[in-house]
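Understanding the architecture of this molecule
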Amino acid sequence: RHKFWETQPVGQFKDLGDSSLPEGVIEPASPLSEVKQEPYNLPSPYEWITCDMESTGMCTEVYNLLSNNYVEDDDNMFRFNYSKEFLHWALRPPGHYKSWHIGVRAKSSKKLVAFITGVPARLRVRDSIVQMAEINFLCVHKKLRSKRLAPVMIKEVTRRVHLEDIWQAAYTAGVVLPTPMSTCQYWHRSLNPKKLIDVGFSRLGARMTMSRTIKLYKLPESPVTHGFRKMEVRDVPAVTRLLRNYLMQFLVAPDLDEHDVEHWLLPKEDVVDSFLVECPETHKITDFCSFYTLPSSILGNTNHSILKAAYSYYNVSTKTPLLQLMNDALIVAKQKDYDVFNALDVMQNESFLRELKFGPGDGKLHYYLYNYRLKHVLRPSELGLVLL
Ligand code: YNC
Ligand code: MG
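What this report covers is the structure whose coordinates are included nearby.

On to the site of ligand 1. Around ligand 1 there are 34 residues in total, and His-2, Trp-5, Leu-138, Ser-146 and Ala-150 lie nearest to it. Protein contacts shield 88% of the accessible area of ligand 1, which totals 1,200 Å² for the unbound molecule. Those elements giving two or more residues to the shell around ligand 1 turn out to be β6 (128-140), α3 (149-162) and β7 (168-173).

Now for a nonpolar patch on the surface. Taken together, the side chains of Phe-13, Leu-16, Val-176 and Val-377 present a nonpolar region at the surface, about 350 Å² in accessible area. Relative to the helices and strands, Phe-13 is located in the segment before β1 (24-25). The exposure class assigned to Phe-13 is partly exposed, which follows from its relative accessible area of 38%.

The strand order across the open sheet built from three strands is β3-β13-β14, with neighbouring strands paired in antiparallel fashion. Only two strands of the sheet have a single partner each, and these edge strands are β3 (78-80) and β14 (306-307).

Bringing the packing of helix α6 (residues 236-247) against helix α7 (residues 258-265) into the picture now. Close contact between α6 and α7 brings their axes to 9 Å; oriented N to C, the two are set at 100°. Between α6 and α7, the crossing angle belongs to the class labelled roughly perpendicular. When α6 is examined against α7, the residues Val-236, Pro-237, Val-239, Thr-240 and Leu-243 are found in contact with a partner set consisting of Glu-258, Val-261, Glu-262 and Leu-265. When the residues that make up the contact of α6 with α7 are grouped by side-chain class, the tally is six nonpolar, one polar and two charged.

Neither face of strand β15 (residues 309-312) is open: one carries Ala-309 and Tyr-311, the other Ala-310 and Ser-312, and all of them are buried. Bridge count for strand β12 (residues 285-293) against β15 is three bridges, and the pairing is antiparallel. Opposite Tyr-292, over in β15, you have Tyr-311 as the bridge partner. Two strands pair when backbone bridges link them, and β15 and strand β17 (residues 340-344) are joined in this way by three bridges, in the parallel orientation. Across the sheet, Ala-310 pairs through a bridge with Phe-341, a residue of β17.

Reading the values: rules and limits
- Along each chain, residues carry numbers from 1 onward, in the same order as the chain's sequence is written.
- Naming scheme: in the order in which they are written, chains are lettered from A and ligands are numbered from 1.
- For this predicted model, a pLDDT threshold of at least 70 governs which residues receive local features, and a threshold of 80 or more governs which side-chain atom pairs are given and counted, while totals over whole chains, interfaces and linings are taken from all residues.
- As a rule here, side-chain values come from all non-hydrogen atoms in the structure, and water together with hydrogens is ignored.
- For this purpose, a residue is taken to be near a molecule or strand whenever a single non-hydrogen atom of the residue falls within 4 Å of it.
- Every accessible area reported is derived by Shrake-Rupley at a probe size of 1.4 Å, with residue values counting cover from the shown protein chains alone.
- Strands are runs of DSSP state E lasting at least two residues, helices are runs of H or I lasting at least four, and both sets are numbered from the N terminus onward.
- Patch criteria: residues need more than 30% relative accessible area and no salt bridge. Like-charged residues are merged within 9 Å; nonpolar side chains of Val, Leu, Ile, Met, Phe, Trp and Tyr are merged within 5 Å.
- By salt bridge we mean one thing: a side-chain nitrogen of Lys or Arg within 4 Å of a carboxyl oxygen of Asp or Glu.
- Relative accessibility thresholds used throughout: buried, under 20% of the residue-type maximum; exposed, over 50%; partly exposed, between the two (1.4 Å probe, protein chains only).
- A pair of strands counts as paired when DSSP detects no fewer than two bridges linking them.
- Note on geometry: axes are lines fitted to C-alpha atoms, helical ones only across the stretch in contact, with angles between N-to-C directions running from 0 to 180 degrees.
- Should an angle lie under 35 degrees it is considered roughly parallel, over 145 roughly antiparallel, and from 65 to 115 roughly perpendicular; all remaining angles are considered oblique.
- Two residues form a contact once any of their heavy atoms are found within 4.5 Å.
- Under the grouping applied here, Gly and all other residues not named as nonpolar or charged are polar, the nonpolar ones being Ala, Val, Leu, Ile, Met, Phe, Trp, Tyr, Cys and Pro and the charged ones Asp, Glu, Lys and Arg.

This is a description of form; function is not addressed.
Written out as structure tokens, the structure reads:
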């Protein structure tokens, strides 16, 4: 039973087998004059705020809420620890709306107790380009859980998205809600196996010693592909062409222009890393790979407090085999001292995961669309979208 989600324009479980329902928008857009002008009501001890992510003080408050209350693994051993710089980047893409960075504070203490955000994005679904909001960072303080605050947060962000005349959204969650457009799995490639085992992220395999395990995951000192280098601002046009062309093959993918590529993919230290292959003879850019940085706090380990994780982002191979390109990505991540490299089974990732010694994680990641129905659930390999 989903008392809230049953009231929303999303695919419902009861409709899953029903092929008579059309693909596309579920509820048509309303005239803007019909969008509710006032915020939804909160329980009286709380008030809405719009979070100015330009202000370092506000960035710190959001960082503190999330680092103490955001997503944990099923065993509560790790909690995402998005950095302030990451939040600043993730929430301010081209055309972002400040009004979509929504906080809730206690009126008396002024303490930030809940958060939800949207950023604008164009997504292509088959042949249609749809203006959407990507919703992320929904968080309610641990002491205020199970009080039905989340539905109010979601309705309020929806209202503010509607005020900008946008009527669709995309989001991911670890929990099953009505109803996933696709269900993906995380895979993990150990870079620092000793630390991963020490903190309980992974375990020694059967009949494996620590020294055999370290040897198994050893990587070359530096990338092997000739012409492999960091992306620079002068590469934005070529990377945009490469990526746009590559993403056409997926059923759902972002529609990225040069401004988006500059924001989302130009390297930003400890936030996003991007590399490409420039042919040494022709100077043509033939391949591209990228990852973002999302550490996790290690809860209750006396020796280590942070797990440094790289997450595979967008990768394109046209000349260098994808396997070799991703092996080079692992090598640079190891050089930069990441403990683990994570990747979803989206796009063509299945083609390298096993061979490059990624192991399947527990826990799934479900992808959702709001107010847009697909006729069939997508295979992960049909998805060309990575959300942060
Ligand atoms: C979730 N993650 O099912 P029903 S992901 C959406 N996304 O509703 P309460 C969620 N809905 O089933 P709590 C959800 N988790 O009765 C729960 N729900 O219909 C639904 N965790 O509300 C749930 N962050 O306030 C139920 O629950 C209702 O106090 C229950 O709060 C939930 O960012 C939460 O995992 C997640 O901070 C805030 O547990 C809290 O437990 C928490 O009683 C740790 O809520 C952090 C965490 C979620 C990360 C994410 C994507 C969010 C997408 C939201 C949906 C967006 C829709 C599109 C809007 C724009 C539309 C346009 C146009
Ligand atoms: Mg609640």
